[in-house]
Amino acid sequence: MVNKIESATLRNGVRMPMEGFGVFQIPESDCKEAVLNAIRTGYRLIDTATSYKNEEEVGAAIKEAIEEGIVKREELFVTTKAYIQEMGYENTKEAFARSLKKLGLTYLDLYLVHMPLGDYYGSWRAMEELCGAGQIRAIGVCNFDSARLMDLCYNAKIRPMVNQIERHPHYQRLSELEVMKSLGVQPEGWAPFAEGIKGMFTNPVLQKIAAKHGKSVPQVILRWDIEQGVIIIPKSVHRNRMEENLDIWDFALDANDRAEIATLDTGRPSMLDCSKPSEIDRLYDYLNHPILTSLS
Ligand SMILES: NC(=O)c1ccc[n+]([C@@H]2O[C@H](COP(=O)([O-])OP(=O)(O)OC[C@H]3O[C@@H](n4cnc5c(N)ncnc54)[C@H](OP(=O)(O)O)[C@@H]3O)[C@@H](O)[C@H]2O)c1
């Protein structure tokens, strides 16, 4: 079962699949099999990060999928991210080389600044150079609010092509999507299901819309994202759910559905709030700072 996944065209002309497979919180032991199954199911975009500590397993799955003839390298779109302690010009150059090696690749499709923290301006200069040298096809950021994103755009030679942000029916961020559109930055939503918290999968509004279309709640959520121009990267270790999450290209929501989903917006993040000092502490502590020793 492979439905045709549509693509977005990034500002530099690179085509990026509108749906991909996220590997956050997939344990190292399960990651290779999960990514192989995702590729077998039809996913072509794989989203990892140094902080997920599974780049080697992602790389092993890609190698096997290519060797088995399931896919060619150029058909895949591989994303990884530099974490806070990898920020700064030199650090990011080294981090990029380390990630590429772990992934077993000769180039990256998309490289992202993971958090809007640390010396990301230095990192951006490094990423611009790597992009200009053809080692990365597209560069972008994650978790940048509109003000930070605009500031980076004012100071960049190459503007971010993608901003990967928390986005789901409980945190819809429509005005931020408008700003991204005006800047030519492609939105990519992480945690499309908010990891299932706060009753996302049993929400009565979403259940009613799903029943109306003969689809599931996850499928309605993913379709809603796509129709708002947001790239999605759902994560599942279960093959049947991988298939379910990919089976969203044969139906459309209507104006009533959109109006009902709009009522679910709380206007607040469910997962990550970079405006909170306690959250900044937590992010810097992640992986028992300093990350560079644990990631090397
Ligand atoms: N840039 C950032 O800061 C950032 C932050 C977080 C995440 N991300 C990226 O975004 C990706 C997706 O976000 P996420 O993994 O946090 O959360 P998510 O995709 O919203 O939710 C994943 C959870 O939903 C379950 N699930 C998936 N499909 C399902 C289905 N059809 N029915 C029922 N349950 C289903 C999964 O369980 P099973 O696995 O057991 O099926 C898992 O518990 C990540 O993997 C990562 O690549 C980026």
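Residues numbered from 1 in each chain as written. Predicted model: local features only at pLDDT ≥ 70, side-chain atom pairs only at ≥ 80, totals over all residues.

A closer look at the site of the ligand
Right, on to step 1. Residues in contact with the ligand amount to 26 residues; listed here are only the nearest, Gly22, Phe24, Trp190, Lys235 and Ser236.
Right, on to step 2. Element by element, the count of residues in the shell around the ligand is highest for helix α9 (residues 239–246), at 3 residues.
Right, on to step 3. A class-by-class count of the residues in the shell around the ligand yields 13 nonpolar, 8 polar and 5 charged. (Near = placed C-beta within 6 Å. Helix = DSSP H or I, 4+ residues; strand = E, 2+ residues; numbered from the N terminus. Nonpolar A, V, L, I, M, F, W, Y, C, P; charged D, E, K, R; others polar.)

A look at helix α7 (residues 204–213)
Right, on to step 1. The set of residues buried in α7 consists of Leu206, Ile209 and Ala210. Here the buried residues of α7 occupy an arc of 100 degrees about the axis, which is enough to place them on one side. Turned more than 90 degrees off the buried face of α7, the exposed positions are Pro204 and Ala211.
Right, on to step 2. Taken together, the buried residues of α7 touch α8 (217–227) and α10 (255–262).
Right, on to step 3. Where α7 terminates, the next one or two residues include Gly214, which has phi positive at roughly 65 degrees. (Buried ≥ 20, exposed ≤ 12 C-beta atoms within 10 Å, placed from the backbone. Arc of directions from axis to C-beta. Contact = placed C-beta atoms within 7 Å.)

So, unusual backbone geometry
Right, on to step 1. In this model, Ala194 sits at a positive phi of 50 degrees, which is unusual for a non-glycine residue.
Right, on to step 2. Take Ala194: it is sitting in the loop between β9 (186–190) and α7.
Right, on to step 3. Notably, Glu195 is not glycine yet its phi reads approximately 55 degrees, a positive angle.

Focus: the packing of helix α5 (residues 146–155) against helix α6 (residues 174–183)
Right, on to step 1. Look at α5 against α6: their axes get within 10 Å of each other, and the N-to-C directions meet at 10 degrees. As judged from the angle between their axes, α5 and α6 are roughly parallel. For the pair α5 and α6, contact is made by Ser146, Leu149, Met150 and Cys153 and by Glu176, Val179 and Leu183, respectively.
Right, on to step 2. A per-class count over the contact of α5 with α6 returns 5 nonpolar, 1 polar and 1 charged. (Axes fitted to C-alpha atoms, helices over the stretch in contact; angles between N-to-C directions. Parallel < 35°, antiparallel > 145°, perpendicular 65-115°, else oblique.)

Some points on the environment of Glu56
Right, on to step 1. Here Glu56 is to be found in helix α2 (residues 55–67).
Right, on to step 2. Counting along the chain gives 114 residues from Glu56 to His170, while the straight-line C-alpha distance between them is 33 Å.

A short note on the pairing of β9
Right, on to step 1. Within β9, 5 of the 5 residues are buried, which leaves the element mostly enclosed by the surrounding structure.
Right, on to step 2. The pairing of strand β8 (residues 162–166) with β9 spans 5 bridges and is parallel. Bridge pairing links Gln164 to Glu188 in β9.
Right, on to step 3. In the classification by handedness, the crossover that spans β8, the intervening α6 and the parallel β9 is right-handed.
Right, on to step 4. The pairing of β9 with strand β10 (residues 231–232) spans 2 bridges and is parallel. (Pairing = 2+ DSSP bridges. Right-handed = clockwise from strand over helix to strand, strands pointing away.)

Examining the pairing of strand β6 (residues 108–113)
Right, on to step 1. Most of β6 sits out of view: 6 of its 6 residues are buried.
Right, on to step 2. Pairing of strand β5 (residues 77–82) with β6, which is carried by 4 bridges, proceeds in the parallel orientation. By the bridge assignment for β6, Lys81 is matched with Leu112.
Right, on to step 3. The handedness of the β5 to β6 crossover, carried by helix α3 (residues 89–103), is right-handed.
Right, on to step 4. Bridge analysis of β6 against strand β7 (residues 136–142) gives 5 bridges, and the strand direction is parallel. Residue pairing for β7: Leu112 is matched across the bridge by Gly140.
Right, on to step 5. Note on the crossover from β6 through helix α4 (residues 120–132) to β7: the handedness is right-handed.

As for the nonpolar core
Right, on to step 1. Core analysis: the largest hydrophobic core is formed by 78 residues, its most contacted members being Val23, Val35, Ile46, Val58 and Tyr111.
Right, on to step 2. With 6 residues, the single largest contributor to this core is α8.
Right, on to step 3. Setting aside residues up to four positions removed in sequence, Ile46 forms contacts with Gly20, Phe21, Val23, Val35, Val58, Leu76, Val78 and Thr79. (Core = buried A, V, L, I, M, F, W, Y, C linked by C-beta atoms within 7 Å.)

The values are spatial; any link to function lies outside them.
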